[in-house]
Structure formats: C-alpha cells, structure tokens
Amino acid sequence: MTITQDADKADLLRYLRDAREALLWKLDGLPEYDVRRPMTPTGTNLLGLVKHAATVELGYLGDTFGRPSGEPLPWVAEGAEANADMWAAADESRAFVTGLYRRAWAHADATVAALPLDTVGRVPWWPRGRDEVTLRHALVRVVADTQRHAGHADILRELIDGSVGMLPANAGVPDGDTAWWERYRERLERTAREA
C-alpha cells in the first residue's frame, strides 16, 4: 500500500469517526422517549438515525466487498416494511441499536484496513450493471451519509433540549448565553422579514 493510500484512508476514517461519535453523542442524557420520538413530518428521530447509520456501514463497507458481518438486519430483508431502518422498534433497545452501531464501526474499519482503496465491490441493492464501486467511493459515500445524519441529529437535539455542538470538546458554535442567542435569533428574524 502506498503512503498516499494510507494517508487517504486515515483522513477518511478520521472524518467518519468524528461523525460517528457526534451521532452517538446526541443521545447522551436523553430519556428513552426523546431518542425515539419523531421530530419531523417524515418521522426523523435520533435513535433511528443511529440504526440507519449502522445499516449503511454494514452494507457499504461489508456486504459490498464480500465481507458480511453476520449481523441480522431484518429491517432490510426482502418484504421488510419501508423505512424500517429509520426507527427503532419497541423491542430494539437503545443499547441494542448503539451496540449494533459500534459493531458496525469495527466491521467497517476492518474492511478498510484489509483492502486497498481501489478494491472493486458490488452494491447488492443497486441495479446490475451500475453496482460496481471502489472502496474509496464507498468510504466517501459513508462519510458523507454519516456527516449528513450527524447534522440532522444536531438539529433534532437542539429542538429537544437546546443542546448544540459537533462534539463535546468542539461545539462549533459561538459562546453565548441564552440572552445572546435570543438577540441573535431576533436579529435573524427581523432580517428575514425585511428581505
């Protein structure tokens, strides 16, 4: 493996690991109801985002490269309910979903470690003839998907209890007390109405 491949893998995995941690962090300290409750008209919820992210990693960075995890994923089996990977059933505990996600991390990281970035795999759920991807492509896709859903989780968490930030050590937003944020928001509201 070349130095460039090693450096590229390290960069991609760093961004993926940050997004994974951010996504799980958004569940910290919340009661069961708040991690499960639908927060948008399409039902987006925190625990569902984690379940989906686990499913994506196991598919793109496992099955696609002939490295099945052995994890049973009935929510993606033929005949499964539409969108079943986007919410946790009552019998799928928070510990089950977060444990599945951590196992998906380990499995995905092992795939990345074992294969060169130019390894070609086949995405089982894509149409034949357009189903080939390189590991690099699959890894970039998973990073983008996980970062996207970490952003969703950030907004959902803010709506639930006002907590914001990318990671515990890096809020990514200006320091401001409640009064500062209220003034800021009022200014944006005025600007929106005036535009």
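Further up the page is the structure itself.
Quick notes on the rules
Residues numbered from 1 in each chain as written. Predicted model: local features only at pLDDT ≥ 70, side-chain atom pairs only at ≥ 80, totals over all residues. Heavy atoms only, no water. 1 Å grid on protein atoms, 1.4 Å probe; cavity = no way out; pocket = protein on both sides within 12 Å on 5 of 7 lines; lining within 4 Å. Points joined across faces, edges and corners; volume = space filled by probe spheres on them. Helix = DSSP H or I, 4+ residues; strand = E, 2+ residues; numbered from the N terminus. Nonpolar A, V, L, I, M, F, W, Y, C, P; charged D, E, K, R; others polar. Expected span 1.5 Å × (residues − 1). Buried < 20%, exposed > 50% of the residue type's maximum accessible area, 1.4 Å probe, protein only. Contact = heavy atoms within 4.5 Å.

Q: Looking at this structure, how should I read the layout of surface pockets?
A: It is a probe the size of a water molecule, rolled over the atoms, that shows where empty space is left. The space that makes up the largest pocket amounts to roughly 450 Å³. Thr55, Val56, Gly59, Val76 and Trp125 are, among the 18 residues lining the largest pocket, the residues nearest its centre. Sorting elements by how many residues they give to the lining of the largest pocket places helix α3 (residues 46–60) first, with 6 residues. For the lining of the largest pocket, the residue count by class is 8 nonpolar, 5 polar and 5 charged. In this structure, the second largest pocket is lined by Asp18, Ala19, Ala22, Lys26, Gln147, Ala150, Gly151, Asp154, Gly165, Met166, Leu167 and Asn170. For the lining of the second largest pocket, the secondary-structure elements that each account for two or more residues are α1 (3–25) and α5 (135–161). Among the elements that make up the lining of the second largest pocket, the one with the highest residue count is α5 (4 residues). Of the residues in the lining of the second largest pocket, the class split is 5 nonpolar, 4 polar and 3 charged.

Q: Would you mind showing me how to read α1 here?
A: Owing to its 3.6 residues per turn, the α-helix aligns residues three or four sequence positions apart on the same side. Over its 23 residues, α1 runs 32 Å from end to end, which matches the ideal 33 Å to within 8%, given 1.5 Å per residue. The complete set of buried residues in α1 reads Gln5, Lys9, Leu12, Leu13, Leu16, Ala19, Arg20, Ala22, Leu23 and Leu24. Buried residues belonging to α1 abut α3, α4 (94–114) and α5.

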